[in-house]
Amino acid sequence: MNHHHILTQTEAYVKETLAGEGSGHDWWHIYRVRQNALAIAAHEPVDIFVVQLAALLHDIADHKFHGGDETVGPRVARAWLETLNVEADVIDHVGRIIADISFKGAEVETPMHSLEGQVVQDADRLDAIGAIGIARAFAYGGHKNRLLYDPDVPPEAHTSFDAYKKSQAPTINHFYEKLLLLKARMNTATARRLAEERHAFMESYLNQFFAEWKGEK
Ligand code: ADP
Ligand code: NI
């Protein structure tokens, strides 16, 4: 099967699997991550086939929706690619990217072994910030029954993936526990540049949020 056909089949599979997902991990998140990844990849010497497969499959079975099990995502992605007879080294590469892509807490490093993986990780992180990032954070919070904000619950800098995964904190805390930290953690120059305006937009959003909270505006 040629690469174009593999990508088309994978796109259809992901669309079908993530249809109706209500926490901001639906097909259109995948679509945006692929667009971001292509924009970043235009400036990097990468294998664009691997980048696109990893972007398409990165949330096919996210740990957040599988009881915290991080092994299920790479496993489901690998099984899918095997049905299409994709080359073994490509399957290994994509599986490893999916295993390593996620944010794991403010104090936890998330090294990515290949440039292809770094591009997809940046693309995923761009979709977590800015106007879309704000929308996704509150969609996720609503999906998980979280409060918008509670002044009595301060944000935490998680030192382990387990502690990060267990958090039940209000959605505003997520900005301090993850979203505002992403700009500095981008791998590529292109993503760092794209993150600037999205980051500034979140800061201005938070200023307005707290001013309204206090009845000042
Ligand atoms: P990652 O694998 O790095 O977590 P995802 O593509 O799975 O990236 O999406 C993560 C997104 O899910 C966050 O950017 C946010 O929008 C939402 N999310 C995850 N955890 C929380 C949380 N505790 N509160 C609010 N939103 C969250
Ligand atoms: Ni994602």
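The structure this text deals with has already been given above.
Let us look at the structure shown here. (Residues numbered from 1 in each chain as written. Chains lettered and ligands numbered in written order. Predicted model: local features only at pLDDT ≥ 70, side-chain atom pairs only at ≥ 80, totals over all residues. Heavy atoms only, no water.)

### Considerations on the overall build of the protein chain
Looking only at helices and strands, the protein chain features 10 helices and zero strands. Along its sequence from the N terminus, the protein chain presents helices and strands in the succession α-α-α-α-α-α-α-α-α-α. Against the globule reference of 17 Å for 217 residues, the protein chain gives a C-alpha radius of gyration of 17 Å, in line with a compact fold. Within the protein chain, the fraction of its 217 residues that count as buried is 50%. For the protein chain, the exposed surface amounts to about 10600 Å²; the carbon and sulfur share of it is 51%. Charge-centre separation for the protein chain: the mean point of 22 positive side chains lies 2 Å from the mean point of 31 negative side chains. (Helix = DSSP H or I, 4+ residues; strand = E, 2+ residues; numbered from the N terminus. Rg over C-alpha atoms; globule rule 2.2 N^0.38 Å. Buried < 20%, exposed > 50% of the residue type's maximum accessible area, 1.4 Å probe, protein only. Areas by Shrake-Rupley, 256 points an atom, 1.4 Å probe, with all protein chains shown as cover. Lys, Arg positive; Asp, Glu negative; His and termini not counted. Charge placed at Lys NZ, Arg CZ, Asp CG, Glu CD.)

### Comments concerning the coordination of the nickel ion (ligand 2)
Protein-derived ligands of the nickel ion (ligand 2) are His-29 (NE2), His-58 (NE2), Asp-59 (OD) and Asp-124 (OD), with the metal-ligand distances lying across 2.1 to 2.2 Å. In terms of primary sequence, the donors binding the nickel ion (ligand 2) are separated according to H-x28-H-D-x64-D. Like Asp-59, His-58 is buried. (Donors = N, O, S within 2.8 Å, 3.2 Å for Na, K, Ca; no water.)

### Section: unusual backbone geometry
Look at Asn-85: it is not a glycine, yet its phi comes out positive at around 55 degrees. Take Asn-85: its relative accessible area is 69%, and that puts it in the exposed class. You will see that Asn-145, though not glycine, has its phi angle at about 60 degrees, which is positive. Mapped onto the secondary structure, Asn-145 falls in the loop between helix H7 (130–143) and helix H8 (161–166).

### Thoughts on the packing of aromatic side chains
Enumeration according to the criterion identifies 14 aromatic pairs in this entry. With a centroid separation of 4.7 Å and 75 degrees between ring planes, the pair formed by Tyr-149 and Trp-213 is classed as edge-to-face. Of this pair, Tyr-149 sits in the loop between H7 and H8 while Trp-213 sits in helix H10 (residues 189–213), placing them 64 residues apart in sequence. Exposure remark for Trp-213: the relative accessible area of 43% places this residue in the partly exposed category. An aromatic cluster is present here, built from Phe-138, Tyr-149, Phe-175, Tyr-205, Phe-209, Phe-210 and Trp-213 joined pairwise through their rings. When the ring centre of Phe-161 is taken as reference, the NZ or CZ atom of Lys-104 above it lies at 5.4 Å. Across the ring face of Phe-161, the terminal group of Lys-165 is positioned such that the distance to the ring centre comes to 4.2 Å. (Phe/Tyr/Trp six-rings, centres within 6.5 Å; stacked < 30°, edge-to-face > 60°. Lys NZ or Arg CZ within 6 Å of the ring centre and 35° of its normal.)

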